[in-house]
Amino acid sequence: MHSDNQYIYTWERRRFGRQCMFSDRNQLMASINPSRNQRYNYILRNPVYQSTQLAPQQALSEMKTENVTLAEHGLYHYEGGWPKDVNINDEEATLRYRKKIERDDNWGEQVLDLISSAVGVTEENNALNIYEDFFLDLPSELGEDIKRRFESRQKNIFHDPELNRRPISVIDWTPNKVGSFMVVHSNSSLKRGHSLLKSTKKEKPKQVLMAHHLAKNETPRDSNDFYIWNVENPLKPLIVFSSDEKVLKTFYCRADETWIAGGLQSGKISLWNCRQAGQPIDTCPLEAAHREPVSALCWVHSKTNTEFYTGSYDGSIKYWDGRDLKAPKQLFLLDPVMNDDQLRDRSHGVTVLEFEYTIPIRYIIGSDMGSIFIGNRRGMTPMTTFGAGNYRLFHGPIRTIERNRFLVKNFLITGDWCAKMWTEECKGSPSTFSFKKKYQILCGTWSTRRCSLFVTGDSEGELDFWDLLLHQRKPIFSLKFPVSILYAKFRPDGEYLAVCLANGDTQILELDPAMKRSAGQDKALIVAMFDREQLRCKLLDRRVEILKLKHRVIEDELEINTFHEEQPTIQATLDPNYPDDYIQIITADIEFRNVLNNFHDQVFKVNRKRQVRDFVIQTTNFETEQINKQIMEITF
């Protein structure tokens, strides 16, 4: 070793410390008693014997490579590759430079090399026809085995943090933060066996924990919490919101994601702030709430981004402003009879509310009787609000209503045992196809990236992927779950699909790349398909109207003929010159009698319009006072 690299380190003996003297003795240093709280976490398990041989070896190696430095440089190309000292706009300068190059001896060789390379490329293009369609003579069944099947993979699974199992009612992705989503449980524990839930062996640990609580004479608490999760972290939620009452529906405000509006089981409306976990910041009073649990909620477009609609099974729809929840701004009943005299006894219960921000005037309502109502936000009376009518599409309650993100006039509606495509232009029937299943369809959602793809989930836990451009009679891919599927929602960018199960679990699925993109002509093809089916429905509706009109005309002709056959002698004996006979002839004429009745009906209608109309709505005293205040504000 070189003398420059040598260093002698010295240390005095007295600085080493005292000499260690070892001895044998027994002494208790610490005693830790068993914890009773940890004892309840102990899970009894039968012995498991497993033998392995030649198990696969697992190794981990890390490597750090050198960084590659990249740089970007621009390139400017001038016409003909002229040098900087030659002005390309000056013809004399370019002519002089061209003659100078042609006098060079290498110029001829360079031209010959350029010609040979150009001729080679031209001959290759002539030998291969790039516009020809090849393999047209082969059968179409030849490539079926080469096609790759669609598939979906599980990315993460999120369990309910509470001990009692709670089925999920709503899942809503954060509008601007695609990495998080909100999960709302129905907050009612599944006791005595749920009709949509099947017992599995994986749920034994929860049953053992429940037995420990029962042995300790403790009843597990029914929590009303709902959570915001991170897609990458299924262990702990980001934010936990709570409530003193059971929460049924909550949704983000799309324009301002800091606000969350929710409906409670008592009919009250609450408002949470995403920046403040815990209890809601505001709740409406009981006298302003719905009479039954809140079953639907949707945010609408407004300047303040604080307005939303709520619906309940009591048949009422209320319009709220989040800045003041003391009383709703408007109140309507979902009465199928189109008049201003609304009755709560014949009103339908609200199950779904749908609103599209690109169409700020209208909103769609689904009822528990299978009808669709079209609401107008500018209406101040029931007739002006629901003047577009209502249309019966299902025999049971409507589960979900969702617009196609690419074609907003087309809806996916699920209910009963089928899913239908519907548009406002085809009122009484679905505009395209009806997709039927053996079991009840509980949810449905459109893909946010592929315009022709949608997903449905049924009560038997089967998740079906349908593509209208590939097949209209059966799903292109199906995924089976052990329990019922209550809700499904695509992420706004279409990368993941969230599936909510009846046992309280949320599974995030990563789709196949083929199901996450659309080809160049997919949108044009699906638009042409919808237009063709809408035209077909319109022609069928027009044909039905023509048949009804013909049937009505035939019935009128039969009545006229029978009347003339019964009184042939009376017409012959009457003389129109006498007043009494003239009156009998006029009254016997059916056409004149119909015209006279129509005239009296028109006069009665005009007189009725001139009278002052009274709107009678069965409401509480508090609701009546609020309506009177609104009428006074409109009057002044």
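Summarised in this report is the structure supplied together with it. Just so we're clear, the structure is a prediction, and the values are computed from it rather than from any experiment. (Residues numbered from 1 in each chain as written. Predicted model: local features only at pLDDT ≥ 70, side-chain atom pairs only at ≥ 80, totals over all residues. Heavy atoms only, no water.)

Digging into the overall build of the protein
Now for step 1: Of regular secondary structure, the protein possesses ten helices and 28 strands.
Now for step 2: Across the 636 residues of the protein, 38% fall into the buried class.
Now for step 3: Long-range contacts, defined here as pairs at least 24 residues apart, represent 53% of the contacts in the protein between residues at least 6 apart.
Now for step 4: Total accessible area on the protein stands at roughly 42,900 Å², and carbon and sulfur atoms take up 52% of it. (Helix = DSSP H or I, 4+ residues; strand = E, 2+ residues; numbered from the N terminus. Buried < 20%, exposed > 50% of the residue type's maximum accessible area, 1.4 Å probe, protein only. Contact = heavy atoms within 4.5 Å. Areas by Shrake-Rupley, 256 points an atom, 1.4 Å probe, with all protein chains shown as cover.)

Looking at the sheet that holds strand S20 (residues 418-423)
Now for step 1: One open sheet holds the four strands; their spatial order is S18-S19-S20-S21, and the pairing between them is antiparallel. What marks the edges here is a single partner per strand, and that holds for strand S18 (398-403) and strand S21 (434-436). Strand-to-strand twist across the sheet, computed as the mean angle between neighbouring axes with direction ignored, equals 20°.
Now for step 2: Where strand S19 (residues 410-415) and S20 come together, six bridges link them in antiparallel fashion. (Pairing = 2+ DSSP bridges. Axes fitted to C-alpha atoms, helices over the stretch in contact; angles between N-to-C directions.)

A short note on helix H2 (residues 91-102)
Now for step 1: For H2, built from twelve residues, the straight-helix expectation of 16 Å at 1.5 Å per residue is met to within 8% by its first-to-last C-alpha distance of 16 Å.
Now for step 2: Near the N-terminus of H2, the side chain that reaches the backbone nitrogen of Glu92, with its oxygen 3.3 Å away, is that of Asp90. (Expected span 1.5 Å × (residues − 1). Polar contact = N/O pair within 3.5 Å; in protein donor to acceptor, adjacent residues only side chain to side chain.)

Topic: the environment of Pro293
Now for step 1: Following the sequence through the fold, Pro293 ends up in the loop between strand S9 (282-283) and strand S10 (294-299).
Now for step 2: Owing to a relative accessible area of 25%, Pro293 belongs among the partly exposed residues under this scheme.
Now for step 3: Put simply, Pro293 and Gly263 are 30 residues apart on the chain and 7.5 Å apart in space, counted from C-alpha to C-alpha.

Side note on the pattern of salt bridges
Now for step 1: Considering all chains together, one arrives at 18 salt bridges under this definition.
Now for step 2: Across the salt bridge formed by Glu462 and Lys437, the nearest N and O atoms sit 3.6 Å from each other. Residue Glu462 is located in strand S24 (residues 462-467), and its partner Lys437 is located in the loop between S21 and strand S22 (441-446); the two are separated by 25 residues in the primary sequence. (Salt bridge = Lys/Arg side-chain N within 4 Å of Asp/Glu carboxyl O.)

Structural notes on the sheet that holds S24
Now for step 1: One open sheet accounts for four strands, arranged S22-S23-S24-S25; its pairing is antiparallel. Because the sheet does not close on itself, it has two edges, and the strands there are S22 and strand S25 (477-480). Across the sheet, the mean angle from the axis of one strand to that of its neighbour is 15°, orientation sign disregarded.
Now for step 2: One ladder, built from four bridges, connects S24 with S25; its direction is antiparallel. If you follow Glu462 over to S25, its bridge partner there is Lys480.

Considerations on a negative patch on the surface
Now for step 1: Taken together, the side chains of Asp104, Asp105, Glu109 and Asp113 define an acidic patch exposed on the protein surface.
Now for step 2: The exposed category is assigned to Asp113, whose relative accessible area is 52%. (Patch = residues over 30% accessible without salt bridge, like charges linked within 9 Å, V, L, I, M, F, W, Y side chains within 5 Å. Lys, Arg positive; Asp, Glu negative; His and termini not counted. Charge placed at Lys NZ, Arg CZ, Asp CG, Glu CD.)

Quick word on the nonpolar core
Now for step 1: One finds Phe181, Ile260, Trp299, Phe308, Tyr309, Ile365 and Ile508 to be the most contacted residues of the largest nonpolar core, which totals 56 residues.
Now for step 2: Ranked by size, the runner-up nonpolar core spans 19 residues in total, among them Cys443, Leu479, Val483 and Val499. (Core = buried A, V, L, I, M, F, W, Y, C linked by side-chain atoms within 4.5 Å.)

Digging into unusual backbone geometry
Now for step 1: Backbone geometry at Asn305 places phi at a positive 60°, although glycine is not the residue there.
Now for step 2: Inspection of the secondary structure puts Asn305 in the loop between S10 and strand S11 (307-312).
Now for step 3: Taking the relative accessible area as the measure of exposure, Asn305 reaches 21% and is therefore partly exposed.
Now for step 4: Positive phi outside glycine occurs at Asp416, with the angle close to 55°.
Now for step 5: Looking at the element boundaries, Asp416 is found in the loop between S19 and S20.
Now for step 6: Judged by its relative accessible area of 13%, Asp416 falls in the buried class.

Digging into the pairing of S19
Now for step 1: Within S19, six of the six residues are buried, which leaves it mostly tucked inside the rest of the structure.
Now for step 2: Residues Asn410, Leu412 and Thr414 of S19 are buried on one face, and the alternating residues Phe411, Ile413 and Gly415, pointing to the opposite face, are buried as well.
Now for step 3: Summarising the sheet, S18 and S19 pair through five bridges and their orientation is antiparallel. Paired with Arg403 across the bridge in S19 is Phe411.
Now for step 4: With antiparallel pairing between neighbouring strands as the criterion, S18 and S19 make up a hairpin whose turn holds six residues.
Now for step 5: From the end of S19 to the start of S20, which pair antiparallel, there are two residues, and Asp416 there has a positive phi angle of about 55°.

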